[in-house]
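A closer look at the structure
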Amino acid sequence: LVLKVLPVCEDSTLRGGFTKVSEATRHLTAARLVSTLDDLGGSGFCTSTFEKMNRVYIVQGSPPIYLERGWYRYLWRCGHCDIMYPYSRLSSEQLWFVMECELCGIPIHRVLLPCAQARLSVFAQVALALAVGEKRLQLEHRDLNCGNILIQTAGKWEDCCSQVPPTSCLEGRVYQPCRGPTAKIVDFTFARLHHGASSFLSSLLHFLMQCRRSVVFGPPMDRGLKGKWSLYRPRTNVFWLEFLARVYLVQHLRDSRVWRGIKVKACPIHCGSYDDGVSTRTLGERQEEILALLKKSGSAMDFVALAQKRAPYLFQIERPQEKRSSSSDKT
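Values in this document were obtained by computation on a predicted structure and should not be read as measured data.

Parameters at a glance
Every chain is numbered independently, its residues counted from 1 as its sequence is written. In view of the model being predicted, local features appear only for residues whose pLDDT reaches at least 70, and side-chain atom pairs are presented and counted only at 80 or more, with totals across whole chains, interfaces and linings using the full set of residues. Based on all heavy atoms of the structure, the side-chain values leave hydrogens and waters out of the count. Here a helix means four or more residues in a row that DSSP labels H or I, a strand means two or more in a row labelled E, and each is numbered from the N terminus. The contact criterion used throughout is that any non-hydrogen atoms of two residues lie within 4.5 Å. Where accessible areas are quoted, they stem from the Shrake-Rupley method and a 1.4 Å probe; at the residue level, only the protein chains shown are allowed to cover. When a residue's accessible area, from a 1.4 Å probe over protein chains only, is under 20% of the maximum for its type it is buried; when over 50% it is exposed; and in between it is partly exposed. Ring pairs shown here join Phe, Tyr and Trp side chains whose ring centres sit within 6.5 Å, with only the six-membered ring taken for Trp; geometry is labelled stacked below 30 degrees between planes, edge-to-face above 60, and tilted in between. Lysine NZ or arginine CZ positioned within 6 Å of the ring centre and within 35 degrees of the ring normal marks a charge as sitting over the ring. Helix span, as expected, comes to 1.5 Å for every residue beyond the first. For patch detection, residues must exceed 30% relative accessible area and be free of salt bridges, and they are connected within 9 Å for like charges or within 5 Å for nonpolar side chains (Val, Leu, Ile, Met, Phe, Trp, Tyr). Basic side-chain nitrogens of Lys or Arg form a salt bridge, by our definition, when they fall within 4 Å of a carboxyl oxygen of Asp or Glu. What is meant by a nonpolar core is a set of buried Ala, Val, Leu, Ile, Met, Phe, Trp, Tyr and Cys residues, joined one to another through side-chain atoms within 4.5 Å. As used throughout, domain bounds are those supplied by an automatic or database domain assignment. Values of pLDDT, which run from 0 to 100, indicate the predictor's confidence residue by residue. Counted as positive: Lys and Arg. Counted as negative: Asp and Glu, with His and the chain ends omitted from the count. Throughout this description, a polar contact denotes any pair of N or O atoms lying within 3.5 Å of each other; where both atoms belong to protein, one of them has to be capable of donating a hydrogen while the other can accept it, and for residues adjacent in sequence the pair is counted only when both atoms sit in side chains. Pairs of strands are assigned from DSSP output, requiring at least two bridges between the strands. To define axes, lines are fitted to C-alpha atoms, for helices over the stretch in contact only, and angles between the resulting N-to-C directions are given on a 0 to 180 degree scale. Arc definition: it is the arc formed by the directions from the helix axis to the C-beta atoms.

**Section: the overall build of the protein**
From N to C terminus, the protein includes eleven helices and twelve strands. Residue pairs at least 24 apart in sequence account for 73% of intrachain contacts in the protein once pairs closer than 6 positions are excluded. Accessible surface, the protein: about 16,500 Å² in total, of which carbon and sulfur atoms supply 53%.

Here is the structure:
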């Protein structure tokens, strides 16, 4: 399990990740709704690629000094020394929201995955999850950088290539991504989704409406939303899929010092009939094919529909569940 802590304070100008109660509530609501996407519920759409939140606690007090020091060491290693805050000096009346979530893994930019097929698998899982989120919640993640996509690894990278990732269900059909590590999408701070009779932004609405949003999301997001951040624009999911394809499905990952000089290797596990054995010779071609399909897509669901015929190496499609159950009844 992972415990995520949100310090609550009505003074939003304080450093240290403090948030207002209303904003924290929206964030928790978004996390709870996304957690329900792993349940089919008669909708024909489900996925387990999104982070699952088990429960929420409200606690009061100041954290012990050893937790604060551990947090400082983590921020120092990540190069985020500017957001350090003396939490242990807070009063005993300080309120915290504590989210109990599943352990999802490590961000993809911190794990060496030289295997081309494994990275295609991560991309396929993310695309399928966004398609399910669009159909169930009109979900736009709006911050799907490499730090918000985690993978579960065990041992060397060859072990990741032998994993069979979980399936996603769209319109009653089961999509099995190609072999690779199990991926999880986290952090719905900037997410937009629809629930009940209204839509809402997860949190930090005041931050989104400021000019700094161009620094965070870049010009493509501004052009896609046209300043209307509360409206449903599934094209933003395509923007992030395109970003992921450009920085992750490449021959050399030069965007990170960790990946610099690492070449994509062909994996002997992916030479069977399950997939077409993507190698170093074909990864660039796959990237171009995927980017071409994304340009023609208005949403993640559109991309999945196009990829069924144009990029079958991303996933296999099983028969609809209804037909499968009826055939089993006959036998």
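**Some remarks on unusual backbone geometry**
For Gln 138, which is not a glycine, the phi torsion comes out positive at approximately 50°. Within the element layout of this structure, Gln 138 appears in the loop between helix H3 (116-137) and strand S6 (149-152). Taking relative accessible area as the criterion, Gln 138 reaches 29% and is therefore assigned partly exposed.

**Quick notes on the packing of aromatic side chains**
For the structure on display, the rule yields four aromatic pairs. Arranged with centres 5.5 Å apart and planes meeting at 85°, the rings of Trp 240 and Phe 243 form a pair that is edge-to-face. Here the residue Trp 240 and the residue Phe 243 both occupy positions in helix H8 (residues 235-248), the gap between them amounting to three residues, near one helical turn. Arg 119 extends its terminal NZ or CZ atom over the ring of Tyr 248, reaching a point 5.7 Å from the ring centre.

**Things to note about H3**
Every α-helix winds through 3.6 residues per turn, so residues three or four apart in the chain are directed the same way. For H3, with 22 residues, the first-to-last C-alpha span of 32 Å sits near the 32 Å given by 1.5 Å per residue. H3 sits mainly inside the fold: 20 of its 22 residues count as buried. Once H3 finishes, Gln 138 follows within two positions and takes phi at roughly 50°, a positive value.

**So, a nonpolar patch on the surface**
Taken together, the side chains of Ile 65, Tyr 66 and Leu 67 define a hydrophobic patch exposed on the protein surface, amounting to about 320 Å² of accessible area. Mapped onto the elements of the fold, Ile 65 is located in helix H2 (residues 65-78).

**Things to note about the nonpolar core**
By size, the foremost hydrophobic cluster in this structure holds 58 residues, and its most contacted members are Phe 123, Leu 170, Ile 290, Leu 294, Phe 303 and Leu 314. Put simply, the parts of the chain that give this core at least two residues each are helix H1 (21-35), H3, S6, strand S9 (182-185), H8, helix H9 (283-295) and helix H10 (300-310). Here this core spans two domains, since at least three of its residues come from each of domain 1 (1-35 + 53-101) and domain 2 (42-50 + 104-318). Contacts of Leu 170, omitting those with residues within four sequence positions, involve Gly 44, Phe 45, Leu 128, Ala 131, Val 132, Tyr 175, Met 301 and Val 304. Counting residues in hydrophobic clusters, the runner-up holds nine residues, among them Ala 31, Met 53, Phe 97 and Cys 101.

**Let's talk about the confidence of the model for the protein**
The pLDDT averaged across the protein works out to 78; a share of 70% of its residues lies at or above 70. Between residues 203-216, whose pLDDT stays under 50, and residues either more than four places distant or in other chains, the model counts 24 contacts. Below pLDDT 50 for its whole length, residues 272-277 participates in twelve contacts with residues either more than four positions away or in separate chains.

**A few points about the side chain of Glu 134**
Looking at the secondary structure, you find Glu 134 in helix H3. Salt bridges are absent for the buried Glu 134, whose nearest opposite-charge side chain, Lys 135, sits at 6.9 Å. In this structure the side chain of Glu 134 is engaged in a polar contact, spanning 2.9 Å, whose partner is the side chain of Asn 237. Polar contacts involving the side chain of Glu 134 include one to the main-chain amide nitrogen of Ala 300, which spans 2.9 Å. In this view, Glu 134 contacts Leu 139, Tyr 232, Pro 234, Asn 237, Ser 299, Ala 300 and Met 301; residues no more than four positions away in its chain are not counted.

**Quick word on the pairing of S6**
When strand S5 (residues 106-107) meets S6, the two strands line up antiparallel, connected through two bridges. Within the sheet, the bridge partner assigned to Pro 107 lies in S6 and is Leu 150. Pairing of S6 with S9, which is carried by four bridges, proceeds in the antiparallel orientation. By the bridge assignment, Ile 149 is partnered in S9 with Ile 185.

**Quick look at the sheet that holds strand S3 (residues 53-60)**
Read from one edge to the other, the open sheet built from three strands follows the order S1-S4-S3, with strand pairing classed as antiparallel. Edge strands, defined here as strands with exactly one partner in the open sheet, are strand S1 (2-8) and S3. Averaged over neighbouring strand pairs, the angle between their axes works out to 20° when direction is ignored. Two elements, S3 and strand S4 (residues 95-101), share seven bridges in a ladder whose sense is antiparallel. Directly across from Ile 58, in S4, lies its bridge partner Phe 97.

**Focus on H10**
When H10 is considered as a whole, its buried residues turn out to be Ala 300, Met 301, Phe 303, Val 304 and Ala 307. Buried positions in H10, seen along its axis, are confined to an arc of 155° and lie on one side of it. Close packing links the buried residues of H10 with H3, strand S7 (168-170), strand S8 (173-177), H8, H9 and strand S12 (315-317).

**Remarks on the pattern of salt bridges**
According to the stated counting rule, one finds eight salt bridges in the structure shown. With a closest N to O distance of 2.7 Å, Arg 55 and Glu 100 form a salt bridge. Placement of Arg 55 in strand S3 and of Glu 100 in strand S4 is noted, with a sequence separation of 45 residues between them. Since its relative accessible area comes to 9%, Glu 100 is described here as buried.

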